[in-house]
Structure formats: C-alpha cells, structure tokens
Amino acid sequence: MIVQMAHLYATACLAVVFFQCALIGGAPLGRWTQGGRHPGRLLLSGRIVAAVSVPVLLFQALAVLSAAGFPGLDWPRWTGWAAVTVSAVSAVLNGVTPSAPERALWFPVVLVMAGLAAYVMISTMV
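Only a predicted model underlies this, so the values are computations on that prediction, with no experimental measurement involved.

## Concerning the side chain of T97
The topology assignment puts T97 in the loop between α3 (77-95) and α4 (100-123). Polar contacts involving the side chain of T97 include one to the side chain of E102, which spans 3.0 Å. The residues contacting T97, other than those within four sequence positions of it, are G35, E102 and R103.

As structure tokens, this is what we get:
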C-alpha cells in the first residue's frame, strides 16, 4: 500500500507540473493560481514562479518515491520529509489564498498530497 500511495503522490505532482507548464506557456489560468491577482495570463514574474515550481515538484515526487523504496532511487530520508513539509506549507498557503477559485481547487488537492506524502514517510519509519 505504501508504494501505491507514493505512486499516487508522484502522479499528483506530475499533474501539477503539467498545470505549471500551461501557466508558463501562457494559458489564461491566472485566477486559479498565485492568489488570483491576474485573471488571464500570468505576467513574466508569475511565469518564472511557475517555472521554479516545476523542479521543486519533481524533487518532491522523487523524494517520496525514494522513501517508498522505488528501485534506483536511494535518496537521503530527509528529502522525503522535505517533500512533506513543502506539501504541508503549500496546503496552508492554498487554504488562506484570497482567490476563492484557487482555494476551492488547490486546497483539497494539495491537502491530499500532503497526507499522501506524510502517510508514506510515517509508514516507512522502521
């Protein structure tokens, strides 16, 4: 069950990466991200933030997969806890965002992601 939860977490991270790539490419999804300050396309600064988040999300996915024992990944255990922390902080930030559409979409998604990462990390403590 731990491996499946890690795979689900990694899949969710990948889905968010695709959303970030859409933002970088200029999709008019600004009301769903970064506080909803720009209802259409994000400004260059917002696109840069989206671009920075892509490797962070990939790091999180790989860290949790490594903690679950994914073959070929032998990362330090703290990286998985870092992924849990980033997911939890993201959940809090998405829970208090001034944008109601962003809060409605991303708070539940990121909260579940934080729960999945925490489940994997706690379950693999031996």
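Following the structure, the description resumes.
## Some remarks on the packing of aromatic side chains
For the structure shown, the criterion picks out two aromatic pairs. The residue whose ring lies beneath R31 is W32, and the NZ or CZ to ring-centre distance is 5.2 Å.

## Here's the deal with unusual backbone geometry
Phi at Q34 takes a positive value of approximately 50°, unusual for a residue other than glycine. Its place among the elements puts Q34 in the loop between α1 (2-24) and α2 (44-67).

Conventions adopted
- Residues numbered from 1 in each chain as written.
- Predicted model: local features only at pLDDT ≥ 70, side-chain atom pairs only at ≥ 80, totals over all residues.
- Heavy atoms only, no water.
- Helix = DSSP H or I, 4+ residues; strand = E, 2+ residues; numbered from the N terminus.
- Polar contact = N/O pair within 3.5 Å; in protein donor to acceptor, adjacent residues only side chain to side chain.
- Contact = heavy atoms within 4.5 Å.
- Phe/Tyr/Trp six-rings, centres within 6.5 Å; stacked < 30°, edge-to-face > 60°.
- Lys NZ or Arg CZ within 6 Å of the ring centre and 35° of its normal.

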